[in-house]
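Spelled out from the first residue to the last, the chains are:
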Amino acid sequence: ANYKIYYNIDSSLPKTIPSAIANDKLSEEFDMSNMHIVLMKNGDLSAKDKKNMSNKIEEVDGVKWVIGLSSLIGPNMPESMIPDSLRDQTKDYELMFICSDYKSATDEVNAQIADINKIVKSYQKGAMVIGEAPLMKDLQDVTDVDLKNVNTISIAAIFLIILITFKSISIPIILVSVIEFAIACNMSVPYYTNTSLAFVTSIVIGTIQLGATVDYAILMTSRYHKERINGATKAEAVGIAHRTSIKSILTSGFGFFAATFGVSLYSQIDMIKSIVTLLARGAVISMIVVICILPAMLWLFDGVIVRTSWDMRKAGIVQRDKAAKKEKLS
């Protein structure tokens, strides 16, 4: 689900803390705006190029004004006439300040930064656009990549562990699919309730819910696996696994829920609150999915499981089931 994500960490803090009150006051009383800074290597650009770059940046949507050394003294004044005390402050680098109407971590400011960056790079490749908004944009780009990589690595790690444990190709696919379905159900709630989440939330939930609740599925599957090898039919194995595992799954699931839900009631920091709320809801959803859906998956794919699991093939379950079916028909 494409739920909303925010990258401003201060948005997750309570509005009653002194710093938040002060920022709101500054915004109301002094119309404070976002500030970008262009960091340029000194001596590479002429005063004329700096002025032209400044003029182009001012034409970008949402830019209020641009101030730099060249804009203050003008392109006609030779740099040799600038006082040493002022030039010493910009010996290696020169700064240019850009005032923006847009707030950090918004689509508008990200597009604005991209446009400014193109202009700056066209004049000096080594120049950089820095500040809070560019930092938030970099954070967003890094987080998007991390989310995909972390999810891929965590799924691959769990898949490999289950593969080695059960010596089966199909069982890891079934178990990971069931838990990923539970995670998808959990993450769809913020989408349908129009709730914004902190940028770290999806990464944390995708890994912790998978790792913490896949053991419910492993517990039930282990008993099913054992019963099938010991001679039970498909129906008997699934039934025994469900009856013997449900109590342990409920105890573990409700314990996980209680531990995280209590923190969500107490915490005033939105980032922490959203994470533990999703974990609490995820524990319940995973518990329900494992109890209600996993047995059906084991029943439905029993034929595939016994043919793709080493221990089951070794125990001759396929031949045994065929013989039992033939005997029943006769």
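Residues numbered from 1 in each chain as written. Predicted model: local features only at pLDDT ≥ 70, side-chain atom pairs only at ≥ 80, totals over all residues. Heavy atoms only, no water.

Participant: Got a minute to help me understand the side chain of T213 in this structure?
Facilitator: Residue position: T213 is located in helix α8 (residues 201-229). Owing to a relative accessible area of 0%, T213 belongs among the buried residues under this scheme. In this structure the side chain of T213 is engaged in a polar contact, spanning 2.3 Å, whose partner is the backbone oxygen of Q209. (Helix = DSSP H or I, 4+ residues; strand = E, 2+ residues; numbered from the N terminus. Buried < 20%, exposed > 50% of the residue type's maximum accessible area, 1.4 Å probe, protein only. Polar contact = N/O pair within 3.5 Å; in protein donor to acceptor, adjacent residues only side chain to side chain.)

Participant: Sorry if this is basic, but what is going on with the side chain of N186 here?
Facilitator: With respect to the helices, strands and loops of the structure, N186 is situated in helix α7 (residues 170-192). Here L278 takes part through its backbone oxygen, which lies 2.8 Å from a polar atom of the side chain of N186.

Participant: Help me out: how do you make sense of the confidence of the model for the chain in this one?
Facilitator: With 91% of its residues at a pLDDT of 70 or more, the chain shows a mean pLDDT of 86. Mean pLDDT in the chain bottoms out at helix α4 (residues 84-87), which sits at 59, and peaks at helix α11 (residues 294-300), which reaches 95. (pLDDT = per-residue confidence, 0-100.)

Participant: Got a minute to help me understand the state of the cysteines in this structure?
Facilitator: A covalent bond between the sulfur atoms of two cysteines is referred to as a disulfide. All chains considered together, the criterion is met by zero disulfides. The thiol of C292 is unpaired, and the distance to the nearest cysteine sulfur, on C185, comes to 12 Å. (Disulfide = S-S within 2.5 Å.)

Participant: Honestly, a nonpolar patch on the surface in this entry has me stumped. Any pointers?
Facilitator: Together, M35, W65, I67, L95 and F97 line one region of the surface with nonpolar side chains, adding up to about 390 Å² of accessible area. Counting residues per element, the ones that place at least two in the nonpolar patch are β3 (63-68) and β4 (93-100). Taking relative accessible area as the criterion, M35 reaches 33% and is therefore assigned partly exposed. (Patch = residues over 30% accessible without salt bridge, like charges linked within 9 Å, V, L, I, M, F, W, Y side chains within 5 Å. Areas by Shrake-Rupley, 256 points an atom, 1.4 Å probe, with all protein chains shown as cover. Salt bridge = Lys/Arg side-chain N within 4 Å of Asp/Glu carboxyl O.)

Participant: Explain unusual backbone geometry here, please?
Facilitator: The phi angle of most residues is negative, glycine excepted, and most peptide bonds adopt the trans form. Of note in this structure, K167 is not a glycine but carries a positive phi near 50°. The class of K167 is partly exposed, set by a relative accessible area of 44%.

Participant: In this structure, what is going on with α8? I would like to understand it.
Facilitator: At 3.6 residues per turn, the α-helix brings residues three or four places apart onto the same side. Between its first and last C-alpha atoms α8 spans 41 Å; for 29 residues at 1.5 Å apiece the expected length is 42 Å, and the two agree. Positive phi appears at G231, one or two residues downstream of α8, with a value of about 110°. (Expected span 1.5 Å × (residues − 1).)

Participant: Could you clarify how one ought to interpret the nonpolar core in this entry?
Facilitator: Buried together is how nonpolar side chains tend to be arranged in soluble globular proteins. Counting residues in hydrophobic clusters, the biggest one holds 48 residues, and the most contacted among them are I162, L175, Y224, I249, V290, L294 and I305. Sorting elements by how many residues they give to this core places helix α10 (residues 270-292) first, with 10 residues. The contact partners of L175, leaving out residues within four places of it in the chain, are I162, F166, A217, I218, T221 and L294. With 15 residues, the next largest nonpolar core counts V38, M96, V120 and V129 among its residues. (Core = buried A, V, L, I, M, F, W, Y, C linked by side-chain atoms within 4.5 Å. Contact = heavy atoms within 4.5 Å.)

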